[in-house]
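Working through the structure, step by step
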Amino acid sequence: MNIYLQDGTVIDFEDNKPAFWHTASHILAQAVKNLYPNISLAIGPAIDNGFYYDFDADKHFSDEELSLIEAEMKKIVKAKYPLEKFSLPKSEALELMKNEPYKLELINELPEDVEITFYKQGDFVDLCAGPHLSNTKQVEAFKLLSCAGAYWRGNEKNKMLYRIYGTAFPKKAMLTEYLTELEEAKKRDHNKLGRELKLFATDEAVGQGLPLLMPKGAKIIQILQRWIEDLEEEHGYVLTKTPSMAKNDLYKISGHWSHYKDGMFIMGDEEKDDEVIALRPMTCPFQFAIYKQDQHSYRDLPIRYAETATLARNESSGEMHGLIRVRQFTLADGHIICTPEQLEEEFKNVVDLIQYIMKTIGIDKDISYRFSKWSPNSKGKYIDNPEAWENTQSIMKNILDHLKLNYKEADDEAAFYGPKLDIQFKNVHGKEDTIITVQIDFALAERFNMSYIDANGEKKIPYIIHRSSLGCYERTLAMLIEKYAGAFPTWLAPVAVKVLPISDKYADYAADVCKALKSKKILVEVDHRAEKIGYKIREARNERIPYILVVGADEMENKTVSVRSRQKGDEGVQDLTAFVNRVANEIATKFNYHDHITNTFTAKK
RNA sequence: GCUGUUAUAGCACAGAUGGUAGUGCACUACAUUGGUAGUGUAGAGGUCACGAGUUCGAUUCUCGUUAACAGCUCCA
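Attention in this report is confined to the structure presented alongside it. (Residues numbered from 1 in each chain as written. Chains lettered and ligands numbered in written order. Predicted model: local features only at pLDDT ≥ 70, side-chain atom pairs only at ≥ 80, totals over all residues. Heavy atoms only, no water.)

In this fold, Thr283 is placed in the loop between β16 (277–279) and α10 (284–291). Overall, the relative accessible area of 0% leaves Thr283 in the buried class. If we skip the residues at most four places from it in the chain, Thr283 touches Thr242, Glu307, Ala309, Leu311, Asp333 and His335. (Helix = DSSP H or I, 4+ residues; strand = E, 2+ residues; numbered from the N terminus. Buried < 20%, exposed > 50% of the residue type's maximum accessible area, 1.4 Å probe, protein only. Contact = heavy atoms within 4.5 Å.)

This is the structure:
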């Protein structure tokens, strides 16, 4: 689908969506200005799936008003305004935008000597670097999707503006297709599907960000946890169990008290009480305390501590989201204490283990790597030691390059004590979250006075790698729900087989079948109520149970089972023993339905 | 924390411009003993999120609280 840019070039829509969406955002701004001349314009960029424009409106746009704005946009498209580019020196640019305070702020930040570019369509002019389409008529299909508050320049201390989100396409059919995909994606939303499948629930009286894991959700987490704890042991980790809370003295040493106090649940009052206890937001200081119980030789290192650690973080009220952002969660946590020489090898092993785990749970193709660095400009957010930051970051970058990881760098995203390798996953709404992080810590070992004796008998400060293997169980479960649209691989499914007798006559045989399945540790659920068999099968399918076993008899009165697998439909009469072995094998080998699922459930990009 | 939307039975939804609530599916009992949401009969289930105000009377109007959702900010 060709589109035409303002400078005369012809380019494919797929390759140049930002210019297209950016023009659409100008049309939105023009429409809003036409309808509400007193509203000030802020900014209106293209984003991943469309565009938005921020307005200083002192009002919220209702659905009816959004419809009116859409109608006005339609007029602008129909008017076929050509876009004209022109530039002005700074003084004239300020004069032109004198009634737009946000534009003035932007212009004032530009250097004195540059020519400032504007785009004009009809009588509407906007400050903009471009590029843009040649004519508004190209934006044939568009839709305003939502309206939300957003801080000016993303800073919560600034005024909250009103943001209108929208998307646009050169053809109506493309818009319809996109909106359909959006609807399909919403059906996979873990927050909806996870509740429907009875994996988790929330309760008003329990509180925000405190999801209840229902039996089925808890089962999945138990399967993952048993697997991860065994796997870590195989990889040389030793398990620790440390308290969920500690005196604030501990957090003062770690720096959490000065860097993370607002994020903690604190019991007691520093002013009044002798002792103040806080729930732990991280496991680090506890495992460090374990390390310090002994004097260590360089021969002992590396020491790899692992812990299935329940953590509590006092997130602000608007930040909670399903299982992705919660106030209490359980992290497959761990810390490796090693010598500088061992650092690279240990880091590599951590990444190898993570990659193996991601592949096993089937999301290795869905993750991306982010190298999260500090920012010298964010004073107070990080431990103040620029030299150590630069040094550790260069070590980490070297390791990442040796590993040939395809990562992108992000400034101002580090932990307060060191740079991170973050493993990112996009949810169905396209929002990216970190599921796993690996960090190199240059600061805490010294603060905690941790040491080892090197080959020369000298006391040295070790390096610490903070790492997770699976991330936090709740968030990972959320990602898996969305990845598989609730249709988990057999080994992860909370119910692998549902047994449905076609008639009460076969209840005994159904019990035998269950016994045979259970003897191989297959998770099985049986419905003893034979009536409404059709409904029961449909229900089991909606629950995305991997195998539905319809138990009955053929005309010869031989007992038989008829297997319906979620992926392949009815497989007819099967030998029970063969079936049991097959399911047991899928569980034992962690067989993954990834390819089937992609065909069946993943919406097209 | 900020902006906005929302809250009626297990689920999906109706409803009255203020007079204490309905439908479908699910659920329970009985009959039908059957094959991909079978049929019939009967039945149970709701302080209409919570608290205050206005009113003769509030599930409905007003205010507050809590929770859920979308986004911003912050984060695993």
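Overall, the coordinates contain 20 aromatic pairs when judged by the stated rule. Geometrically, the ring pair formed by Tyr102 and Trp152 is edge-to-face, given 4.8 Å between the ring centres and 70° between the ring planes. Residue Tyr102 is found in helix α4 (residues 101–108), and its partner Trp152 is found in the loop between β9 (141–151) and β10 (160–169); the two are separated by 50 residues along the sequence. Just as Tyr102 is buried, Trp152 falls in that class too. Geometrically, the ring pair formed by Trp389 and Phe442 is edge-to-face, given 5.2 Å between the ring centres and 80° between the ring planes. Separated by 53 residues along the polypeptide, Trp389 in helix α12 (residues 386–402) and Phe442 in the loop between β22 (432–441) and α13 (444–447) bring together distant segments of the chain. One aromatic cluster is present, formed by Phe13, Phe20, Trp21, Phe169 and Tyr178 through successive ring pairs. We note Arg163 situated over the ring of Tyr52; from NZ or CZ to the ring centre the distance is 3.7 Å. (Phe/Tyr/Trp six-rings, centres within 6.5 Å; stacked < 30°, edge-to-face > 60°. Lys NZ or Arg CZ within 6 Å of the ring centre and 35° of its normal.)

With respect to topology, 3 strands assemble into an open sheet ordered β6-β7-β8, the strand pairing being antiparallel. Two strands bound the open sheet, and with one partner strand each, they are β6 (83–88) and β8 (124–127). Averaged over all adjacent pairs, the angle separating strand axes in this sheet is 30°, with direction ignored. Alignment of β6 against strand β7 (residues 116–121), held across 6 bridges, turns out to be antiparallel. Its bridge partner lying in β7, Leu88 is registered against Ile116. (Pairing = 2+ DSSP bridges. Axes fitted to C-alpha atoms, helices over the stretch in contact; angles between N-to-C directions.)

A few words now on a negative patch on the surface. Negative charge collects at one region of the surface, where Asp249, Asp273, Asp274 and Glu275 lie side by side. The topology assignment puts Asp273 in the loop between β15 (266–267) and β16. A residue is classified by how much of its surface remains accessible, and Asp273, at 35% relative accessible area, is partly exposed. (Patch = residues over 30% accessible without salt bridge, like charges linked within 9 Å, V, L, I, M, F, W, Y side chains within 5 Å. Areas by Shrake-Rupley, 256 points an atom, 1.4 Å probe, with all protein chains shown as cover. Salt bridge = Lys/Arg side-chain N within 4 Å of Asp/Glu carboxyl O. Lys, Arg positive; Asp, Glu negative; His and termini not counted. Charge placed at Lys NZ, Arg CZ, Asp CG, Glu CD.)

Now for the packing of helix α11 (residues 343–360) against α12. Remark: α11 packs on α12, axes separated minimally by 10 Å, with the N-to-C direction vectors making an angle of 55°. Here α12 runs oblique to α11, going by the angle between their axes. Crossing handedness for the pair α11 and α12: right-handed. Only Ile395, Met396, Ile399, Leu400 and His402 of α12 make contact with α11, whose side of the interface consists of Leu343, Glu344 and Phe347. (Parallel < 35°, antiparallel > 145°, perpendicular 65-115°, else oblique. Left-handed = near helix turned anticlockwise from the far one by under 90°.)

Tracing the backbone through its elements, the reader meets Leu83 in strand β6. Classification of Leu83 by relative accessible area gives buried; the value is 5%. Distance from Leu83 to Glu140, taken between C-alpha atoms, is 16 Å for residues 57 residues apart in sequence. Once you skip the residues sitting within four places of it in the chain, Leu83 turns out to touch Gln6, Thr23, Tyr119, Lys120, Gln121, His132, Leu133, Ser134, Asn135 and Thr136.

Geometrically, a packed helix pair is captured by the angle between its two axes and the distance between the axes. At a minimum axis separation of 8 Å, helix α1 (residues 17–35) and helix α2 (residues 63–78) run at an interaxial angle of 115°. If you check the angle between α1 and α2, you find them roughly perpendicular. Both α1 and α2 take part in a crossing whose hand is right-handed. Taking contact as the criterion, the partners of Ala24, Ile27, Leu28, Gln30, Ala31, Val32, Asn34 and Leu35 in α1 are, on α2, Leu68, Ile69, Glu72, Met73, Ile76 and Val77. Tallied by class, the residues present in the contact of α1 with α2 amount to 11 nonpolar, 2 polar and 1 charged. (Nonpolar A, V, L, I, M, F, W, Y, C, P; charged D, E, K, R; others polar.)

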